[in-house]
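# An overview of the molecular structure
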Amino acid sequence: MSTSEARWVTESIRVADTTLTFRKAGAGAPLMALHHDVGNPPGAGFLDALAHQFTVYAPLHPGYEGSARPEWIRNVRDVAVMYQWLLSDLGLSGTTLLGLGFGGWIAAEMATMSPAALGRLVLVGAMGIKPAAGEILDQALVSYLDYVRAGFEDPGAFERLYGAEPPTSQLEQWDLNREMTFRIAWKPYMYNPTLPHLLGGVKTPALIVWGRRDRVVPLECGERYAAALPRARLEVLERAGHFVEMEQPDAVGKLITEFAAVPPAA
Amino acid sequence: MHLMYFTEQPMSAYPEQAGRDFGATALMFSNRHFDPVAGSRLYNQYIEHYKLAEDVGFDGIMLNEHHNAPFCMQAKCNVFASILAAITSRVKIVLLGNPLPLADNPVRLAEELAMIDMISRGRLVSGFVRGGGQEQLATGVNPAFNRERFEEAHDLVVRAWTEPGPFRWEGTHYQHRVVNPWAVPLQKPHPRIWIPGVLSKETIIWAARQRYPYIALSTAIDATKKIWELYDSVAAEAGYTGGPPNRGYLQRCHVAETEEKALANARQFMWMQGEFTGLAHPVWSSPSGYFSPANRRAFVEFAVGRRSNPRAAAFEDQLREQQIIAGTPKTVLPKIRRLLEETRPSIVGFWAADGFVSDQDTRTCIRLLGQEVLPAVREMGKELGLLSPLEANAPVSIRYDDGPGLEAVAAEAQAALR
């Protein structure tokens, strides 16, 4: 898969009295990518590669990554509704919705709200479902660095992406992102107890991707997503942690491209 | 002056090495290291110290609370306040205070405080705090809404105390169908509210706007002066004059029969300042959203070890800055005089001992403070014109600035009930 850089433009749109900012690149069928709670890593080529196949829309979650924080917002469903509003105002249909980690939770909530509005659903290491045995790693108890490091199976991957000593501006952004996560996902932490009951209505073809060594969201949650979504398939990648697409961008990109290319069965 | 006795109620009876090995003695440091036999002994010892403090002449007993950490055994200050309400007869019971954001039901808190006020015959001073960062994590309360919850819970408690029910409360963080607690405070319009703090400007500004006395918790003298500059300027904007009745200070002060013994025991004040207990991860002490955005840059650097802890000064520095005072009654008095002259507080809490200071040495300290230090400090207060809000019969808040006659009401109630 080509990894040359895509040409990104930044646009914004008013949604729910909030300025939603999104980056856009590429051409082809629409794909909306929802980022992690820790934001987008600097210089990650994963979305650039996808932009060769899709028109990629990459919104910044409200209150994350420097975007405006709506003071009224209280839960992840609020974000999901705002993104459904965004999809609707952009006039997109048949969209492939890709959710990474925390963004996967938002994507799953969006799918339950309006299953017919989506062409495909891809969840990668998604939060949102309470594991039966393990726990979702609680960032409230660990430092910014330790939390991000925990997302990688390969310790060297962290340094390659963020550098040995991430700049103070990155630490500040992680703190701001974390504050926003607390504002909308504090309790219960990182899951919605009603979500599993609502996934059965999502007839959208779904691809669930998980890292075998995910230390943030247990693989068991991926199995539960795959069982609850009627048309889902689970792909587990060996030698990958929570940030599957950062550790194995080519493999995840290939899975998504192939998944999107197959026409959905009736 | 209003002179109070204070102890953190340290739970020093646990294996120190376990704390060092774990690397933290807060929040996640396992309570398997808590020994309830020692806990029972220490709680009862602290009760005896409080009784002694009243006997030797303190005006008040200051209580606080913390969670999940050995530096403070008191998990609910209303429990000790209730005990003191029954077993003491003269001292003010000064709560500094109840952490409002931790309350999921502020109406219940208003009821408990009203009960304490009545049982103590009007001796309650009901301070409120935001609670430390770890307190939010220990109780599952969202740190990002800490200040909002503090202010809303305060408004609800004061209204429950002062406005006859029933009424309905539909707030942002609290919703109550019926606010109508049967128990209401004895003191009218309501018990005094004092606000302690150490870090945040927002709290100083908020307290000054309410005209609540602010109690600086063991800050260095220069930092304390800056607190009063800020408080007084906000007071002026609010239309009143700040000054001694609005100023309190918590002074670490250990007194012994010899200088050597006092200094050795005073080193125990370092016990909870990170030498080994009170060790916590920065993101536990200041979870995201808890602290002021203005401090964010400095904090994140501290959190990953790129900056040293701004609060952890060396023992010798703290002696020089008088954040710790230690000596015989004769040698501590000039230092207290310097504190009074330079910062002019009318409320002074004496934090007498900490850590592993023995029961006997703590009792000696309380006795020496009562017999030899407090009388001299009262004389200094008179000479310097440091009238406490109680002595000045100051209004309980800006809302009641025509003078509440609160002390007169309390005295009358006490007389009637005897």
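What this report covers is the structure whose coordinates are included nearby. Please read all numbers here as calculations on a predicted model, not as lab measurements.

This part covers the overall build of chain A. Assigned secondary structure in chain A consists of 10 helices and 8 strands. Whereas a compact globule of 266 residues would reach a radius of gyration of roughly 18 Å, chain A reaches 17 Å, a difference of no more than 12%. In chain A, buried positions account for 48% of the 266 residues. Sequence-distant contacts in chain A: of pairs separated by 6 or more residues, those separated by 24 or more amount to 77%.

Along chain B, the regular secondary structure elements total 15 helices and 11 strands. Relative to the 2.2 N^0.38 estimate, which gives 22 Å for 418 residues, the radius of gyration of chain B is 20 Å and therefore close to what a compact globule would have. Counting only C-alpha atoms and orienting by the principal axes, one finds that chain B spans roughly 55 × 45 × 45 Å. A burial count over chain B gives 49% of its 418 residues as buried. Long-range pairs, those at least 24 residues apart, make up 76% of the contacts in chain B with a sequence separation of at least 6.

Let's shift gears to the nonpolar core. The biggest cluster of nonpolar side chains holds 192 residues, and the ones touching the most others in it are B:Ile61 and B:Ile93. If we ignore the near neighbours within four places in the chain, the residues touching B:Ile61 are B:Met4, B:Tyr5, B:Tyr50, B:Ala53, B:Leu84, B:Val91, B:Ile93 and B:Val94.

Residues and elements named next belong to chain B. For strand β11 (residues 347-351), the buried fraction is high: 5 of the 5 residues fall into the buried class. Side-chain alternation along β11 places Ile347, Gly349 and Trp351 on one buried face and Val348 and Phe350 on a second face that is also buried. In this structure, strand β1 (residues 2-6) lies alongside β11, joined through 5 bridges in parallel fashion. Across the sheet, the residue bridging to Met4 is Gly349, located in β11. Where strand β9 (residues 247-255) meets β11, 5 bridges bridge the pair, whose relative direction is parallel. When the bridges of β11 are listed, Gln251 appears paired with Phe350.

This part is about unusual backbone geometry. Cis geometry marks the peptide bond from A:Lys187 to A:Pro188, where omega comes out at -5°. Take A:Pro188: it is sitting in the loop between α6 (168-185) and α7 (195-198). With an omega of 5°, the peptide bond running from B:Lys188 to B:Pro189 counts as cis. Despite not being glycine, B:Asn68 shows a phi value in the positive range, around 60°.

All names here are of chain A. Inspection of the secondary structure puts Thr19 in strand β2 (residues 18-26). Residue Thr19 is classed as exposed on the basis of its C-beta count, with 12 C-beta atoms lying within 10 Å. Beyond its immediate chain neighbours, meaning those up to four positions away, Thr19 contacts Ser12, Arg14 and Ala68.

Turning our eyes to something else, we now look at the sheet that holds strand β5 (residues 95-100) of chain A. All names here are of chain A. Reading across from one edge, β1-β2-β4-β3-β5-β6-β7-β8 is the order of the 8 strands in this open sheet, with mixed pairing throughout. With partners counted over all chains shown, the strands left at the sheet margins are β1 (9-15) and β8 (232-237), one partner each. Direction aside, neighbouring strands of the sheet carry axes that sit 20° apart on average. Direction of pairing for strand β3 (residues 29-34) relative to β5: parallel, over a ladder of 4 bridges. Each bridged residue has a counterpart across the sheet, and for Leu34 the counterpart in β5 is Gly99. Sitting on the sheet, helix α2 (residues 76-90) is in contact with β1, β2, β3, β4 (54-59) and β5, with an inclination near 110° to β1. Along the sheet, helix α3 (residues 102-113) contacts β3, β5 and β6 (118-124); its crossing angle with β5, the most-contacted strand, is approximately 140°.

This next bit is on the interface of chain B and chain A. The figure often quoted for interface size is the accessible area lost as the parts come together. Of the residues lining the interface, 17 residues belong to chain B; the matching set on chain A comes to 15 residues. Ranked by residues supplied to the side of chain B that touches chain A, first place goes to helix α11 (residues 296-303) of chain B with 5 residues. When the residues that make up the side of chain B that touches chain A are grouped by side-chain class, the tally is 9 nonpolar, 5 polar and 3 charged.

All right, on to the packing of helix α2 (residues 36-56) of chain B against helix α14 (residues 359-384) of chain B then. All names here are of chain B. Relative to each other, α2 and α14 sit at 15°, their axes nearing to 9 Å. Taken together, the axes of α2 and α14 lie roughly parallel to each other. For the element pair α2 and α14, the recorded crossing hand is right-handed. Contacts from Gln45, His49, Leu52, Ala53 and Val56 of α2 reach α14 at Asp359, Thr362, Arg363, Ile366, Arg367, Gly370 and Gln371. In terms of residue class, the contact of α2 with α14 is built from 4 nonpolar, 5 polar and 3 charged.

A few words on α2(A). In an α-helix, one full turn covers 3.6 residues, which means residues spaced three or four apart are oriented alike. All names here are of chain A. With 15 residues, α2 should cover 21 Å at 1.5 Å per step; its first-to-last C-alpha distance of 21 Å lies within 8% of that length. Looking at α2, one finds that the buried residues are Val76, Val79, Ala80, Met82, Tyr83 and Leu87. Along the long axis of α2, the arc covered by the buried residues comes to 160°, so they all point the same way. Looking one or two residues past α2, Gly91 carries a phi angle of roughly 70°, positive in sign.

All names here are of chain A. Taking 1.5 Å per residue, 13 residues should reach 18 Å; helix α10 (residues 249-261) reaches 18 Å between its end C-alpha atoms and fits that length. Within α10 the residues assigned to the buried category are Pro249, Val252, Gly253, Leu255, Ile256 and Ala260. Taken end-on, α10 shows its buried residues confined to a sector of 160°, consistent with a single buried face. In this structure, α10 carries Glu258 and Ala261 as exposed residues pointing more than 90 degrees from its buried face.

This part is about the packing of α2(A) against α3(A). Residues and elements named next belong to chain A. In the contact formed by α2 and α3, the axes pass within 8 Å of each other and the chain directions differ by 65°. α3 is crossed by α2, and the crossing has right-handed handedness. On α3, the residues that touch Val76, Arg77, Val79, Ala80, Val81, Tyr83 and Gln84 of α2 are Trp105, Ile106, Glu109, Met110 and Met113. Among the residues forming the contact of α2 with α3, the class breakdown is 9 nonpolar, 1 polar and 2 charged.

Cut-offs and rules
Residues numbered from 1 in each chain as written. Chains lettered and ligands numbered in written order. Predicted model: local features only at pLDDT ≥ 70, side-chain atom pairs only at ≥ 80, totals over all residues. Helix = DSSP H or I, 4+ residues; strand = E, 2+ residues; numbered from the N terminus. Rg over C-alpha atoms; globule rule 2.2 N^0.38 Å. Buried ≥ 20, exposed ≤ 12 C-beta atoms within 10 Å, placed from the backbone. Contact = placed C-beta atoms within 7 Å. Core = buried A, V, L, I, M, F, W, Y, C linked by C-beta atoms within 7 Å. Pairing = 2+ DSSP bridges. Axes fitted to C-alpha atoms, helices over the stretch in contact; angles between N-to-C directions. Nonpolar A, V, L, I, M, F, W, Y, C, P; charged D, E, K, R; others polar. Parallel < 35°, antiparallel > 145°, perpendicular 65-115°, else oblique. Left-handed = near helix turned anticlockwise from the far one by under 90°. Expected span 1.5 Å × (residues − 1). Arc of directions from axis to C-beta.

The values reported here are purely geometric and, on their own, carry no functional implication.
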